[in-house]
Amino acid sequence: MSDRAAPRSRSGPRWAARLHAALPARRSWLKAMHAVMIPLFIWFMLVQPRDVVPLGPRAFQFHSVLGLIFSTLAVIWTLDYLRRGLAGRPGPKLKPWQRRLHRALHHTLVLGIGFVALSGFLLGLTSARLLKAGGFLPIAPPLNMPQANDWIGTMHTIEFYSLGAVAAVHAGFHIWRHVRLKDNALRIMAPKALHRFL
């Protein structure tokens, strides 16, 4: 029996192929990610840390855990996009300028949400004390750079609310498509359980 390692396929090691086969299809887990991230996005648009601090440590812990979940999904989504691009294509009923708008909105959302996570990391990096996501996961070693921290904090806030405006336009565009063009745009990323309502 040869003591040589089993040859790898051109597409990578066998364990990677088995793992890929065991995972849900890309569109399936993107649908699940959308289902989780939409309410989280709305939550962080409406609720700030200063709103939950007076409610006690448990409320702040809950808010922080939601932030950790949101940031983790944002990083996964952006990395997947950078590696494989957008999962879907513009519908055939869209005019050329509408297809360009569709692409621009998607690119802005996915990259923007990644930059929100990055600026959150930079907030932790420039902080005067160690910040922990979810109350347990260190964000970054604090370098105590107050001026940079203030600047990044302002950028982080503007970035997030600007992204909220893009998300609102994105949602409005898909609702318009679904109602006006009747191309089932809302069903594309909605779970099957909701299809009968759309």
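One can find the structure itself at the top, above this paragraph.
Note that the coordinates shown come from a computational prediction; the quantities given were computed from them, not determined experimentally.

Enquirer: It is not clear to me how the side chain of His-174 should be interpreted in this structure. Could you clarify?
Expert: With respect to the helices and strands, the residue His-174 is situated in helix H6 (residues 146-181). Filtering out sequence-adjacent residues up to four positions away, His-174 remains in contact with His-102, His-106, Ala-185 and Leu-186.

Enquirer: How should I be thinking about the nonpolar core in this particular structure?
Expert: One recurring pattern in soluble globular proteins: nonpolar side chains tend to sit buried together. Judged by nonpolar contacts, the single largest core of 24 residues is most densely connected at Met-37, Phe-41, Phe-70, Trp-77, Ile-113, Phe-160 and Leu-163. If you list the elements that add at least two residues to this core, you get helix H2 (26-46), helix H4 (57-84), helix H5 (96-126) and H6. Those residues in contact with Leu-163 that sit more than four places away from it in its chain are Phe-41, Thr-108, Leu-109, Gly-112, Ile-113 and Val-116.

Enquirer: Explain the pattern of salt bridges to me, please; I cannot follow it from the model alone.
Expert: Side chains bearing opposite charge may pair, as long as their charged atoms lie close to each other. In the structure shown here, the tally under the stated rule is two salt bridges. Put simply, Asp-80 and Arg-84 hold a salt bridge, and the shortest N to O gap is 2.7 Å. With a gap of four residues between them, Asp-80 and Arg-84 both fall in helix H4, about one helical turn apart. When its relative accessible area of 9% is taken as the criterion, Asp-80 is described as buried.

Enquirer: Looking at this structure, how should I read the side chain of Thr-78?
Expert: Relative to the helices and strands, Thr-78 resides in helix H4. On the basis of relative accessible area, Thr-78 is assigned to the buried category, the value being 9%. A distance of 3.0 Å separates the side chain of Thr-78 from the backbone oxygen of Val-110, its partner in a polar contact. If we ignore the near neighbours within four places in the chain, the residues touching Thr-78 are Val-110, Leu-111, Ile-113 and Gly-114.

Enquirer: Is there a simple way to explain the packing of H2 against H6 in this structure?
Expert: For any two helices packed against each other, the geometry is given by the interaxial angle and the distance between the axes. Two elements in contact, H2 and H6, have axes whose closest approach is 11 Å; the angle formed by their N-to-C orientations is 130 degrees. By the angle between their directions, the pair H2 and H6 is classed as oblique. In this structure, H2 meets H6 at a crossing whose hand is left-handed. Residues Phe-41, Phe-44 and Met-45 of H2 touch H6, and the partners they reach there are Phe-160, Tyr-161, Leu-163, Gly-164 and Ala-167. Here the contact of H2 with H6 is composed, by residue class, of seven nonpolar, one polar and no charged.

Enquirer: Help me understand a nonpolar patch on the surface in this model?
Expert: A cluster of nonpolar side chains, Ile-38, Ile-42 and Leu-46, forms an exposed patch at the surface whose accessible area comes to about 320 Å². The residue Leu-46 is located in helix H2 in this model.

Enquirer: Explanation requested: the packing of aromatic side chains in the structure shown.
Expert: Two numbers describe a pair of aromatic rings. These are the distance of the centres and the angle of the planes. Under the defined criterion, the tally for this structure stands at seven aromatic pairs. Residues Phe-41 and Phe-160 carry aromatic rings whose centres are separated by 4.9 Å and whose planes lie at 20 degrees to one another, so their mutual orientation is stacked. Within this pair, whereas Phe-41 is found in helix H2, its partner Phe-160 is found in helix H6, the two being separated by 119 residues in sequence. There is no split in this pair, since Phe-41 and Phe-160 are both buried. Their ring planes at 20 degrees and their centres at 6.2 Å tell us that Phe-173 and Trp-176 sit as a pair that is stacked. With Phe-173 and Trp-176 both in helix H6, this residue pair falls three residues apart, about one helical turn. Aromatic ring contacts, followed pair by pair, group Phe-41, Phe-44, Phe-70, Phe-160 and Tyr-161 into a single cluster.

Enquirer: What am I meant to see in the packing of H5 against H6 here?
Expert: Two numbers describe how H5 lies on H6: the axes approach to 9 Å, and their chain directions differ by 155 degrees. Considering their axes alone, H5 and H6 lie roughly antiparallel with respect to each other. Between H5 and H6 lies a crossing of left-handed hand. Looking at the contact of H5 with H6 residue by residue, the class counts come to 19 nonpolar, 13 polar and two charged.

Calculation rules
Residues numbered from 1 in each chain as written. Predicted model: local features only at pLDDT ≥ 70, side-chain atom pairs only at ≥ 80, totals over all residues. Heavy atoms only, no water. Helix = DSSP H or I, 4+ residues; strand = E, 2+ residues; numbered from the N terminus. Contact = heavy atoms within 4.5 Å. Core = buried A, V, L, I, M, F, W, Y, C linked by side-chain atoms within 4.5 Å. Buried < 20%, exposed > 50% of the residue type's maximum accessible area, 1.4 Å probe, protein only. Salt bridge = Lys/Arg side-chain N within 4 Å of Asp/Glu carboxyl O. Polar contact = N/O pair within 3.5 Å; in protein donor to acceptor, adjacent residues only side chain to side chain. Axes fitted to C-alpha atoms, helices over the stretch in contact; angles between N-to-C directions. Parallel < 35°, antiparallel > 145°, perpendicular 65-115°, else oblique. Left-handed = near helix turned anticlockwise from the far one by under 90°. Nonpolar A, V, L, I, M, F, W, Y, C, P; charged D, E, K, R; others polar. Patch = residues over 30% accessible without salt bridge, like charges linked within 9 Å, V, L, I, M, F, W, Y side chains within 5 Å. Areas by Shrake-Rupley, 256 points an atom, 1.4 Å probe, with all protein chains shown as cover. Phe/Tyr/Trp six-rings, centres within 6.5 Å; stacked < 30°, edge-to-face > 60°.

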